[in-house]
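Reading the structure
Residues per chain are reported as follows:
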Amino acid sequence: MMEGVGRRLGSGGSGFLLDIGSHSLNGRERNVLFRNNADETFTDVGWVNAADRVEDGRGLAVFDYDNNGSLDLLLRNYRMQTVLLANRGDSHHSVSFALIGSRSNRDAVGAKLRLRSGEHWQTRVVTTGSGYLSGSSRRVHFGVGDVERIDELVIEWPSGERTVLTDLAVDRMHTIREGTELELEEQ
């Protein structure tokens, strides 16, 4: 069994296998972290909290590790320890939703959430995997800035059912079960 990773050099199927040892074919690249400017543009802000390290990234999980309403990052790099980047940014308002399917799959994978606060709409979809060797929380998170109430949340469940909730509190996690017009629980 070969310990490192190799790459065949030369044309066609001939040539020789170059032993690149413990290094990756992807190489070591600078991580980037983008902030949404809310005007269809993004700004790289990785340098602010040293998230722009040069690493050989393999996996990334995005979730609210400390349940403070800010999304944190868990990085997995090739042959390195897992690293938690806790979000210590400014404390704008946010809201999260945990969906429980009944007619749809229990995890509500594929459900589409549209949130309206004032004139602004945001959309999220419940997913499982998020990239190579990665999975993130199925809890759906929305950053809402200075908004203090959510005007409307529309959920389109995989079964085709539709749930509409209005006047929701921010800075908490709402649990919603398919088939109910009311929230199950607020945390």
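Keep in mind the model is a prediction, meaning the values are calculated, not measured. (Residues numbered from 1 in each chain as written. Predicted model: local features only at pLDDT ≥ 70, side-chain atom pairs only at ≥ 80, totals over all residues. Heavy atoms only, no water.)

With that settled, the discussion passes to the side chain of Glu-178. Its place among the elements puts Glu-178 in the loop between strand S18 (172–177) and strand S19 (185–186). Arg-103 provides the closest opposite charge to the buried, unpaired Glu-178, separated from it by 5.3 Å. At 3.0 Å, the side chain of Glu-178 forms a polar contact with the backbone nitrogen of Arg-103. If we ignore the near neighbours within four places in the chain, the residues touching Glu-178 are Ile-100, Gly-101, Ser-102, Arg-103, Ser-104, Trp-157, Ser-159 and Glu-161. (Helix = DSSP H or I, 4+ residues; strand = E, 2+ residues; numbered from the N terminus. Buried < 20%, exposed > 50% of the residue type's maximum accessible area, 1.4 Å probe, protein only. Lys, Arg positive; Asp, Glu negative; His and termini not counted. Salt bridge = Lys/Arg side-chain N within 4 Å of Asp/Glu carboxyl O. Polar contact = N/O pair within 3.5 Å; in protein donor to acceptor, adjacent residues only side chain to side chain. Contact = heavy atoms within 4.5 Å.)

What follows concerns the layout of surface pockets. By volume, the second largest pocket amounts to about 320 Å³. As for the second largest pocket, its lining consists of 17 residues, and the residues nearest its centre are Asn-31, Gly-57, Gly-59, Leu-60 and Leu-75. Secondary-structure elements contributing two or more residues to the lining of the second largest pocket are strand S7 (57–63) and strand S8 (72–77). Taken together, the residues of the lining of the second largest pocket break down into eight nonpolar, six polar and three charged. (1 Å grid on protein atoms, 1.4 Å probe; cavity = no way out; pocket = protein on both sides within 12 Å on 5 of 7 lines; lining within 4 Å. Points joined across faces, edges and corners; volume = space filled by probe spheres on them. Nonpolar A, V, L, I, M, F, W, Y, C, P; charged D, E, K, R; others polar.)

A separate point is the packing of aromatic side chains. For the structure on display, the rule yields two aromatic pairs. Judged by centre distance (6.1 Å) and plane angle (75°), the rings of Phe-97 and Phe-142 are edge-to-face. Note that Phe-97 is positioned in strand S10 (residues 93–100) and Phe-142 in strand S15 (residues 140–145), a separation of 45 residues in sequence. Each member of the pair, Phe-97 as well as Phe-142, is classed as buried. When the ring centre of Trp-121 is taken as reference, the NZ or CZ atom of Arg-114 above it lies at 4.3 Å. (Phe/Tyr/Trp six-rings, centres within 6.5 Å; stacked < 30°, edge-to-face > 60°. Lys NZ or Arg CZ within 6 Å of the ring centre and 35° of its normal.)

Further remarks concern the pairing of strand S11 (residues 112–117). Here S11 shows a buried face lined by Leu-113, Leu-115 and Ser-117 and an unburied face lined by Lys-112, Arg-114 and Arg-116. Note: S11 against strand S12 (residues 120–125), six bridges, orientation antiparallel. In the strand pairing of S12, Arg-116 is matched with Trp-121. Here S11 folds back onto S12 in antiparallel fashion, the turn holding two residues, of which Gly-118 has a positive phi close to 65°. (Pairing = 2+ DSSP bridges.)

Okay, the environment of Ser-102 next. Mapped onto the elements of the fold, Ser-102 is located in the loop between S10 and S11. Residue class for Ser-102 comes out partly exposed when judged on its relative accessible area of 47%. Distance from Ser-102 to Gly-179, taken between C-alpha atoms, is 7.3 Å for residues 77 residues apart in sequence.

Looking now at the sheet that holds S7. The three strands are arranged S7-S8-S9 in an open sheet whose pairing can be described as antiparallel. Each of the sheet's edge strands pairs with one partner strand only, and the pair in question is S7 and strand S9 (83–85). The mean inter-strand angle of the sheet, taken between neighbouring strand axes irrespective of direction, is 20°. When S8 meets S9, the two strands line up antiparallel, connected through three bridges. Paired with Leu-75 across the bridge in S9 is Val-83. (Axes fitted to C-alpha atoms, helices over the stretch in contact; angles between N-to-C directions.)

Below, the discussion takes up a nonpolar patch on the surface. A cluster of nonpolar side chains, contributed by Val-32, Phe-34 and Phe-42, occupies part of the molecular surface with about 320 Å² of accessible area. Within the element layout of this structure, Phe-42 appears in strand S5 (residues 42–44). (Patch = residues over 30% accessible without salt bridge, like charges linked within 9 Å, V, L, I, M, F, W, Y side chains within 5 Å. Areas by Shrake-Rupley, 256 points an atom, 1.4 Å probe, with all protein chains shown as cover.)

The four strands lie next to each other as S12-S11-S16-S17, forming an open sheet whose pairing is antiparallel. The open sheet is flanked by S12 and strand S17 (162–169), the only strands paired with a single partner. Each neighbouring strand pair of the sheet contributes to a mean axis angle of 20°, computed without reference to strand direction. Here S11 runs beside strand S16 (residues 149–156); their pairing, made up of five bridges, is antiparallel. For Leu-115, the partnering residue across the bridge sits in S16 and is Leu-153.

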